[in-house]
Amino acid sequence: MRTIGLIGGMSFESSAVYYRLINEMVRERLGGLSSAELVMYSVNFEEIVALQKAGRWNDAADRLGDAAEGLQKAGAECVLICTNTMHLIAPQVAARVSAPLIHIIDETAAALKAAGRVKPLLLATRYTMEHGFYAERMAENGVSIMVPGPEDRTVTHDIIFNELCAGIIKDESRRKLNGIIERAKAEGADSVILGCTEICLILDPKALILPGFDTTTIHVEAAVDFALANEKSSKSCAA
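Naming follows an unreviewed UniProt entry, where the protein appears as Aspartate racemase of Rhizobium miluonense. Per UniProt, the protein carries the Sequence similarities (unreviewed entry) text "Belongs to the aspartate/glutamate racemases family."

What follows is the structure, encoded as structure tokens:
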């Protein structure tokens, strides 16, 4: 089994989901009491948020690049940035290590294409929806995304930062997000990307009016595939 490296803490609510899902998938595939070989570098999200708000993306890249180097020194054989937004600086982080960086946008695009979805709605932070890096990377992979209108982008961003990142789940916020998806469907969206790693805390991708693609689960599956590429399942002979 190869060792997975996680850059977490952005927020720790979703990082906990990463840890749980990775280990659940490894146990499912290998059987018994199997769990993942992994290391995590968890940053102080308050510091990262301050850099985001100030537009200091180069400083953020240095911070996460240091984390990636630390993971590699600790034995990580791949690196995951456990957040969509910070993939804005993924190229700079990837350049700091020789271990492959498993890119959340590439993996999500592959899942969309495999399902034949060509016009997904992106629900994410304002940075992810508006900075262009997500749409550009998706376009490179042959996928054209939709984003909500200005008011709905504000609603989504505020739900993520003011509620989900603080572990707060509100039924009213779930209704608002579902309303955004309904409007996008009326405008031609054929699917929806849960493009923030916290959105899976409030929306079940299997219970939406459009096919849902949870980037957290997709990212985790890619990491487990990498980690277990040389392993054979022992589930059939597990005690």
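Below, the discussion takes up the overall build of the protein. Within the protein, the secondary structure is distributed over ten helices and six strands. In terms of overall size, the protein behaves like a compact globule, its C-alpha atoms giving a radius of gyration of 18 Å where 239 residues would be expected to give roughly 18 Å. Each principal axis of the C-alpha atoms in the protein carries an extent, and together these give about 50 × 45 × 35 Å. Entry remark: accessible area of the protein is about 10,700 Å², with carbon and sulfur atoms responsible for 48%. The average position of the 24 basic charges and that of the 31 acidic charges among the side chains of the protein differ by 3 Å.

Residue-level pLDDT values for the protein average 95, and 97% of them are 70 or greater. Within the model, pLDDT remains below 50 along residues 233-239, and this stretch shows eleven contacts once partners closer than five positions in the same chain are excluded.

Neither face of strand E5 (residues 191-194) is left uncovered, since the one carrying Ser-191 and Ile-193 and the one carrying Val-192 and Leu-194 both have all their residues buried. Where strand E4 (residues 120-123) meets E5, four bridges bridge the pair, whose relative direction is parallel. Across the sheet, Leu-121 pairs through a bridge with Val-192, a residue of E5. In this sheet, strand E6 (residues 212-214) lies alongside E5 in parallel orientation, the contact comprising three bridges. Bridged to Ile-193 within E6 is Phe-213.

A few words now on the packing of aromatic side chains. Taken as a whole and judged by the stated rule, the model has four aromatic pairs. Ring pairing ties together the aromatic residues Phe-45, Trp-57, Tyr-127 and Phe-161, which thus form one cluster. Note that Arg-2 overlies the ring of Phe-226, its terminal NZ or CZ placed 3.8 Å from the centroid.

A word on the nonpolar core. By size, the foremost hydrophobic cluster in this structure holds 44 residues, and its most contacted members are Ile-7, Met-10, Leu-64, Ile-81, Met-86, Ile-199 and Leu-203. Sorting the residues of this core by element identifies helix H2 (45-54), helix H3 (57-73), strand E3 (78-81), helix H4 (90-94), E4, helix H8 (150-162), helix H9 (171-186) and E5 as the ones contributing at least two each. Ranked by the residues each element gives to this core, the list is headed by H3, at seven residues. Among residues more than four places away in sequence, those in contact with Ile-7 are Tyr-41, Leu-64, Ala-67, Ala-68, Leu-71, Val-79, Leu-80, Ile-81, Cys-82 and Val-93. Formed by 36 residues, the second largest nonpolar core is a distinct cluster that contains Val-26, Cys-78, Ile-145 and Val-224.

Turning our eyes to something else, we now look at helix H10 (residues 215-227). The terminal C-alpha atoms of H10 lie 18 Å apart, and with 13 residues this matches the ideal 18 Å at 1.5 Å per residue to within 8%. With ten of 13 residues buried, H10 lies mostly within the body of the structure. Looking only at H10, the buried set comprises Thr-215, Thr-216, Ile-218, His-219, Val-220, Ala-222, Ala-223, Val-224, Phe-226 and Ala-227.

Take the side chain of Ser-14 next. Here Ser-14 shows up in helix H1 (residues 12-30). Apart from residues no more than four positions distant in its own chain, Ser-14 is found in contact with Cys-82, Thr-197 and Glu-198.

Its boundaries defined by the atoms lining it, the largest pocket holds a volume of some 280 Å³. Lining the largest pocket are Val-17, Arg-20, Leu-21, Cys-200, Leu-201, Asp-204, Pro-205, Lys-206, Asp-214, Thr-217, Ile-218 and Glu-221. Breaking the lining of the largest pocket down by element, the ones donating at least two residues are H1 and H10. Here the residues of the lining of the largest pocket are counted per class, giving six nonpolar, one polar and five charged.

Reading the values: rules and limits
Residues numbered from 1 in each chain as written. Predicted model: local features only at pLDDT ≥ 70, side-chain atom pairs only at ≥ 80, totals over all residues. Heavy atoms only, no water. UniProt positions renumbered as here; feature names shortened; annotations may be inferred. Helix = DSSP H or I, 4+ residues; strand = E, 2+ residues; numbered from the N terminus. Rg over C-alpha atoms; globule rule 2.2 N^0.38 Å. Areas by Shrake-Rupley, 256 points an atom, 1.4 Å probe, with all protein chains shown as cover. Lys, Arg positive; Asp, Glu negative; His and termini not counted. Charge placed at Lys NZ, Arg CZ, Asp CG, Glu CD. pLDDT = per-residue confidence, 0-100. Contact = heavy atoms within 4.5 Å. Buried < 20%, exposed > 50% of the residue type's maximum accessible area, 1.4 Å probe, protein only. Pairing = 2+ DSSP bridges. Phe/Tyr/Trp six-rings, centres within 6.5 Å; stacked < 30°, edge-to-face > 60°. Lys NZ or Arg CZ within 6 Å of the ring centre and 35° of its normal. Core = buried A, V, L, I, M, F, W, Y, C linked by side-chain atoms within 4.5 Å. Expected span 1.5 Å × (residues − 1). 1 Å grid on protein atoms, 1.4 Å probe; cavity = no way out; pocket = protein on both sides within 12 Å on 5 of 7 lines; lining within 4 Å. Points joined across faces, edges and corners; volume = space filled by probe spheres on them. Nonpolar A, V, L, I, M, F, W, Y, C, P; charged D, E, K, R; others polar.

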